[in-house]
Amino acid sequence: MIKSEILTHLENIVGKEFASNNQEDLFIYSQDSGASLPRPVDFVVLPKTVEEIQNIVRLANEEKIPIVPMGGGMTLSGLTIPIKGGIVIDLKRMDKILEINEISRYALIEAGVTTGRLTAYLEKHYPNLEVSIPDAPPSATVTGNALIHGSGFLSQKYGNHGDMINGLEVVLPNGEICKLGSCAVSEYWFTRGPIPDLIGLFISSFGTMGIATKLAIKLYPKDNLREIVVGIFSDPKMIPDAISKITHTDIAEDIVFAVSEALFKGYIFLATYITGNSEEDIGSKIKILKRIYRKAKGNYMKVPEGFRNYFLEKPIFISSEADNRSGGGFEYSGNFIPLDKIPEAIEKAIEISKKYDISPSQVSRVIGKGHNIMFAASFSFNRADPNDMENARNALHETNEMILKLGGIIWKPELAGQKLIIEKMDPNYKKLFQAIRVALDPNGIMNPGNWEIT
Ligand SMILES: Cc1cc2nc3c(=O)[nH]c(=O)nc-3n(C[C@H](O)[C@H](O)[C@H](O)COP(=O)(O)OP(=O)(O)OC[C@H]3O[C@@H](n4cnc5c(N)ncnc54)[C@H](O)[C@@H]3O)c2cc1C
């Protein structure tokens, strides 16, 4: 079929205003706000229903056209920019909050619901419940973020967002609808088991296994009061001990630590967020943390009142650090690292930033009780200068190599990072992954080029 015929088919499926191959419409989908170079897109569609998605997938199979699911398109690693052209399926019109189960504490939502929308909805209608959101702009989708195994302000307590998924409805690469989790058996989307858990196939696979259309995500009880308690540390080697001590007490909601030449001048800023339902409760937790900071050889720092609200905002301050050179460009190498490797990672990432003449800037988050650290070294650049963008890409790549050498894993890797991971991957893991992929998607239409094992 020629392009104009494909467009007509797409228009028949989603409606004339929601399918396009105009260059002006495609421009924004051919790039993201990270350092990846733009890549061509052939069509964009904005479906409203699951049936429309099924029909798009069937058409893509018949015509062997790649399809790329997109939520907010905010991952920064080019994951929603097609590698082999094709149709970007923008899911933002699928934005219904279908159910809040207050007692069993989960939200059932369509795939296009943004973190901003779910948070605002809960604040208004269920003020005692909250959902863990990333520090990404609120236009990121809950589903896109959970499917890339993101993390947010409740991740220290409850784990990565991928772990908070209770159930999924997906359109498989052959166009069939499949339910995963308790919803495969029951009308309640309250848990993943006890049946074989296949939800993991859809996490961190970047839309290569199917398109999630509905997701149930865990909600958590919300305390009335929240406070930030800051410690300042002069040596990265002090950080694992401080974090071990804090997580041992079980009093933290969230723990983040940051390195910023511009803001903290060589010190490591460690922020523990605590919550409670009375001033006494908060006061006693602050005392415990002050003691821990001292024992871990750090210093407690009172946050100036003017900054307190700024730090307590959700999403937190990372976004303001993002574009610290005011050049409009920012990308970070998010990585998962064991806690004991953090001092080396901090020091080596500083060296890499300096080598590429980028002011060192890192923000990391404790996941679980210190079981994993999401370590992010960010590189800002001037979007109007291709050399500066390339410089940031090179710094990112070198950081990714360093992380893999340390025994960490690159999180939400762009194409070059995916290749680094695949090179290191156990050969039988590769074989299994490839066999599943070919069985599910024999025509290779699902976001091809990603996780490509040759
Ligand atoms: C300033 C800034 C701060 C950030 N801070 C954080 C943070 O604290 N924590 C964090 O986790 N992330 C963070 N991010 C990264 C990113 O923005 C988020 O993870 C974001 O939530 C990704 O969601 P999205 O809807 O934008 O996903 P997208 O970019 O649209 O998609 C991500 C991947 O999932 C696939 N996908 C999307 N929707 C579906 C679907 N329905 N079915 C199948 N596949 C799908 C896409 O094809 C793509 O491969 C930050 C980003 C920025 C810019």
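Just so we're clear, the structure is a prediction, and the values are computed from it rather than from any experiment. (Residues numbered from 1 in each chain as written. Predicted model: local features only at pLDDT ≥ 70, side-chain atom pairs only at ≥ 80, totals over all residues. Heavy atoms only, no water.)

Undergrad: Help me understand the site of the ligand, please; the structure alone is not making it clear to me.
TA: Contacts to the ligand come from 37 residues, most closely from Pro 69, Gly 71, Gly 72, Met 74 and Thr 141. Gly 71 places a polar main-chain atom, nitrogen or oxygen, 2.7 Å from an oxygen atom of the ligand. Here the ligand has 970 Å² of accessible area as a free molecule, and 98% of this is covered by the chains. Elements with a minimum of two residues in the shell around the ligand: strand 3 (67–70), helix 5 (142–147), strand 10 (211–218) and strand 16 (328–337). With 4 residues, helix 5 is the largest single contributor of residues to the shell around the ligand. Looking at the shell around the ligand, its residues break down into 19 nonpolar, 15 polar and 3 charged. (Near = heavy atom within 4 Å. Polar contact = N/O pair within 3.5 Å; in protein donor to acceptor, adjacent residues only side chain to side chain. Areas by Shrake-Rupley, 256 points an atom, 1.4 Å probe, with all protein chains shown as cover. Helix = DSSP H or I, 4+ residues; strand = E, 2+ residues; numbered from the N terminus. Nonpolar A, V, L, I, M, F, W, Y, C, P; charged D, E, K, R; others polar.)

Undergrad: What should I look at first to understand the pairing of strand 9 (residues 177–181) in this one?
TA: Both faces of the sheet carry side chains from a regular strand, because those side chains alternate between them. When strand 8 (residues 165–171) meets strand 9, the two strands line up antiparallel, connected through 5 bridges. Along strand 9, the bridge assignment pairs Gly 167 with Gly 181. Where strand 8 folds back on strand 9, the antiparallel hairpin that results is connected by 5 residues, among which Gly 175 adopts a positive phi of roughly 95 degrees. (Pairing = 2+ DSSP bridges.)

Undergrad: Just to check I follow, could you spell out helix 4 (residues 115–125) for this structure?
TA: The α-helix advances 3.6 residues per turn, and as a result positions three or four apart in sequence lie on the same side. Among the residues of helix 4, those classed as buried are Thr 115, Leu 118 and Leu 122. Looking straight down helix 4, one finds its buried side chains confined to an arc of 75 degrees; they lie on one side. Facing away from the buried side of helix 4, by more than 90 degrees, are the exposed residues Glu 123 and Lys 124. Tucked inside the fold, the buried residues of helix 4 contact strand 5 (97–101), strand 6 (106–110), strand 7 (129–130), helix 5 and strand 10. (Buried < 20%, exposed > 50% of the residue type's maximum accessible area, 1.4 Å probe, protein only. Arc of directions from axis to C-beta. Contact = heavy atoms within 4.5 Å.)

Undergrad: Sorry if this is basic, but what is going on with the sheet that holds strand 3 here?
TA: Whenever strands of a sheet pair, they do so through backbone hydrogen bonds, lying parallel or antiparallel. Sheet architecture is open: 4 strands sit in the order 1-2-4-3, paired in mixed fashion. The strands lining the two open edges of the sheet, one partner per strand, are strand 1 (19–20) and strand 3. Sheet topology note: the strand 1/strand 2 (residues 43–45) ladder contains 2 bridges and is antiparallel. Bridging from a neighbouring strand, Ala 19 pairs with Val 45 of strand 2. Sheet strands touched by helix 1 (residues 3–14): strand 1, strand 2 and strand 4 (87–90). Its angle to strand 2, the strand with the most contacts, is close to 5 degrees. Against the sheet, helix 3 (residues 50–63) makes contact with strand 2, strand 3 and strand 4, and its axis sits at roughly 155 degrees relative to strand 3, the strand it touches most. (Axes fitted to C-alpha atoms, helices over the stretch in contact; angles between N-to-C directions.)

Undergrad: Which parts of the structure should I look at to understand the nonpolar core?
TA: As a rule of thumb, soluble globular proteins bury nonpolar side chains together. Of all hydrophobic cores here, the largest spans 51 residues; its most connected members are Ile 100, Leu 118, Leu 168 and Ile 217. Apart from the residues within four sequence positions on either side, Leu 168 is in contact with Leu 147, Cys 178, Lys 179, Leu 180, Cys 183, Trp 189, Ile 199, Phe 202, Ala 212, Lys 214 and Leu 215. Formed by 44 residues, the second largest nonpolar core is a distinct cluster that contains Val 229, Ile 274, Ile 337 and Ala 345. (Core = buried A, V, L, I, M, F, W, Y, C linked by side-chain atoms within 4.5 Å.)

Undergrad: Even after reading the chapter, I still don't get a positive patch on the surface, so can you show me in this structure?
TA: Residues Lys 287, Lys 290, Arg 291, Arg 294, Lys 295 and Lys 302 make up a contiguous surface patch of positive charge. Mapping Lys 295 onto the fold places it in helix 9 (residues 279–295). (Patch = residues over 30% accessible without salt bridge, like charges linked within 9 Å, V, L, I, M, F, W, Y side chains within 5 Å. Salt bridge = Lys/Arg side-chain N within 4 Å of Asp/Glu carboxyl O. Lys, Arg positive; Asp, Glu negative; His and termini not counted. Charge placed at Lys NZ, Arg CZ, Asp CG, Glu CD.)

Undergrad: Got a minute to help me understand the pattern of salt bridges in this structure?
TA: Opposite charge on two side chains permits them to pair, given that their charged atoms come into close proximity. For the structure on display, the rule yields 21 salt bridges. Here Asp 42 makes a salt bridge to Lys 3, at a shortest N to O gap of 2.8 Å. With Asp 42 in the loop between helix 2 (23–27) and strand 2 and Lys 3 in helix 1, this residue pair connects regions lying 39 residues apart in the sequence. With a closest N to O distance of 2.8 Å, Glu 398 and Lys 355 form a salt bridge. With Glu 398 in helix 13 (residues 386–406) and Lys 355 in helix 12 (residues 342–355), this pair connects stretches of sequence that are 43 residues apart. For Glu 398, a relative accessible area of 22% puts it in the partly exposed group. Salt bridges sharing common partners tie together Asp 135, Asp 254 and Arg 365.

Undergrad: Help me understand the packing of aromatic side chains in this model?
TA: A ring pair, where both rings are aromatic, is described by two values, the distance of the centres and the angle of the planes. On inspection of all chains with the given rule, the structure shows 12 aromatic pairs. For the pair Phe 206 and Trp 451, a centre-to-centre distance of 5.5 Å together with 15 degrees between the ring planes defines the contact as stacked. With Phe 206 in the loop between strand 9 and strand 10 and Trp 451 in the segment after helix 15 (427–440), this pair connects stretches of sequence that are 245 residues apart. Look at Phe 206 and you get buried, because its relative accessible area is 8%. (Phe/Tyr/Trp six-rings, centres within 6.5 Å; stacked < 30°, edge-to-face > 60°.)

Undergrad: I tried to follow the domain arrangement of the chain on my own but got confused; where do I start?
TA: Many structure descriptions define interface size as the accessible area lost when the parts assemble. Annotation of the chain at the domain level lists domain 1 (3–90), domain 2 (97–221) and domain 3 (225–411). The distance between the C-alpha centroids of domain 1 and domain 2 comes to 23 Å. On the side of domain 2, 18 residues touch domain 1, which itself brings 14 residues to the contact. Taken together, domain 1 and domain 2 are joined by 0 salt bridges. With 6 residues, the single largest contributor to the side of domain 1 that touches domain 2 is helix 3. Here the side of domain 1 that touches domain 2 is composed, by residue class, of 8 nonpolar, 5 polar and 1 charged. (Domains from an automatic or database assignment.)

Undergrad: Can you walk me through helix 3 in this structure?
TA: Between its first and last C-alpha atoms helix 3 spans 20 Å; for 14 residues at 1.5 Å apiece the expected length is 20 Å, and the two agree. Of all the positions in helix 3, only Val 50, Glu 52, Ile 53, Gln 54, Ile 56, Val 57, Leu 59, Ala 60 and Asn 61 are classed as buried. (Expected span 1.5 Å × (residues − 1).)

Undergrad: Is there a simple way to explain the pairing of strand 16 in this structure?
TA: Of all 10 residues that make up strand 16, 9 are buried, and the element is covered over most of its length. As judged from the 10 bridges shared by strand 16 and strand 18 (residues 372–382), these two strands associate in the antiparallel manner. The residue bridging Phe 330 from the neighbouring strand is Ser 380, located in strand 18.

Undergrad: How do you make sense of the environment of Asn 61 when you look at a structure like this?
TA: Among the structural elements, Asn 61 can be located in helix 3. With residues up to four places along the chain from it excluded, the contact list for Asn 61 reads Pro 173, Asn 174, Asn 443 and Ile 445.

Undergrad: Would you take a moment to explain the side chain of Ser 182 for this structure?
TA: The topology assignment puts Ser 182 in the loop between strand 9 and strand 10. The exposure class assigned to Ser 182 is buried, which follows from its relative accessible area of 6%. A distance of 2.7 Å separates a polar atom in the side chain of Ser 182 from the backbone oxygen of Tyr 188. When near neighbours in sequence (up to four residues on either side) are disregarded, Ser 182 contacts Asn 166, Tyr 188, Trp 189, Phe 190, Thr 191 and Arg 192.

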